[in-house]
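Chain and residue survey
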Amino acid sequence: CEDQTFAPPQKSAAAERRRGLRLRSGSGGADLNLLFGPFSIFAEGLYTLWQVSNVVPDFGLWTWFLEARYDVLPQLYVAARYDHMIFDRVDFMGDPTPWDHDVWRIEPAVGIRLARGATLKVVAQATFRAGPIGDTEDYLLAAQLSLGF
């Protein structure tokens, strides 16, 4: 009698990828709030990492913002904010490249408290993307009425 070893049936690579596909993510960050007299400073930073097994290399994203506010009068304030999204470089076939285009935004604002729980704010916003020539800038001017109850 001949000794035979039976190997399990072979599955296609696509079936193995579907069977083993897992998405994992994790984040870590910190924030800072400083208040002194009529000045307020807010900052936040966050890093998020995604892992998709059998599909692409791990990829991550750094995001952060810095915001400053000054109360000119008890009812009137001015503020400015800068935020930035920085996409990790991933190695696709030996060519490290960002997995999306970095984005940054500048946002000055003026706000007035009309009454308790009612604030009117006017905001200008400029958004920039580090990408191919073309649609890399957006501008916005907006007014916002916030009512609390």
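This one's a predicted model, so the numbers in the text were calculated from it and none came from an experiment.

So, how was this worked out
Residues numbered from 1 in each chain as written. Predicted model: local features only at pLDDT ≥ 70, side-chain atom pairs only at ≥ 80, totals over all residues. Heavy atoms only, no water. Helix = DSSP H or I, 4+ residues; strand = E, 2+ residues; numbered from the N terminus. Areas by Shrake-Rupley, 256 points an atom, 1.4 Å probe, with all protein chains shown as cover. pLDDT = per-residue confidence, 0-100. Contact = heavy atoms within 4.5 Å. Salt bridge = Lys/Arg side-chain N within 4 Å of Asp/Glu carboxyl O. Buried < 20%, exposed > 50% of the residue type's maximum accessible area, 1.4 Å probe, protein only. Phe/Tyr/Trp six-rings, centres within 6.5 Å; stacked < 30°, edge-to-face > 60°. Lys NZ or Arg CZ within 6 Å of the ring centre and 35° of its normal. Pairing = 2+ DSSP bridges.

**What about the overall build of the protein chain?**
- Looking only at helices and strands, the protein chain features one helix and nine strands.
- Carbon and sulfur atoms make up 61% of the accessible area of the protein chain, which amounts to about 11,100 Å² in all.

**Observations regarding the confidence of the model for the protein chain**
- When pLDDT is averaged along the protein chain, the result is 83, and 81% of the positions lie at 70 or above.
- Counted against residues more than four places away or in other chains, residues 1-10, with its pLDDT under 50, gives zero contacts.

**A look at the pattern of salt bridges**
- Using the criterion set out here, one finds six salt bridges in the structure.
- Two residues, Arg113 and Asp71, come together in a salt bridge whose shortest N-O distance is 3.8 Å. Here the residue Arg113 occupies a position in strand S7 (residues 103-115), and Asp71 occupies one in strand S3 (residues 59-73), the gap between them amounting to 42 residues.
- Accessibility expressed as a relative area gives 27% for Arg113, which makes it partly exposed.

**Quick look at the packing of aromatic side chains**
- Across all of its chains, the model carries seven aromatic pairs by this definition.
- An angle of 25° between the planes, with centres 5.6 Å apart, marks the rings of Trp50 and Phe59 as stacked.
- Pairing Trp104 with Phe128 gives two aromatic rings, centres 6.2 Å apart and planes at 25°, and the pair type is stacked. Linking Trp104 in strand S7 with Phe128 in strand S8 (residues 118-129), this pair joins segments that are 24 residues apart in sequence.
- Take Phe128: its relative accessible area is 18%, and that puts it in the buried class.
- Ring-pair connections join several aromatic residues into one group, and the members of that group are Phe36, Phe39 and Tyr70.
- Its guanidinium or amino end placed over the ring of Tyr77, Arg69 lies 3.9 Å from that ring's centre, counting from NZ or CZ.

**A closer look at the environment of Leu140**
- When you line up the elements, Leu140 lands in strand S9 (residues 137-147).
- Accessibility expressed as a relative area gives 45% for Leu140, which makes it partly exposed.
- Spatially, the C-alpha atoms of Leu140 and Gln125 are 5.0 Å apart, while their sequence positions differ by 15 residues.

**Let's talk about the pairing of S8**
- Where S7 meets S8, ten bridges bridge the pair, whose relative direction is antiparallel. Opposite Val110, over in S8, you have Val122 as the bridge partner.
- As defined by bridge partners, S8 adjoins S9 across eleven bridges and the pair is classed as antiparallel. Within S9, the position partnered with Ala118 by the bridge is Leu147.

**Observations concerning the environment of Thr136**
- Among the secondary structure elements, Thr136 is positioned in the loop between S8 and S9.
- Using a relative accessible area of 18% as the deciding quantity, one classes Thr136 as buried.
- Taking C-alpha positions, Thr136 is 9.1 Å from Val103, a pair spaced 33 residues apart along the chain.

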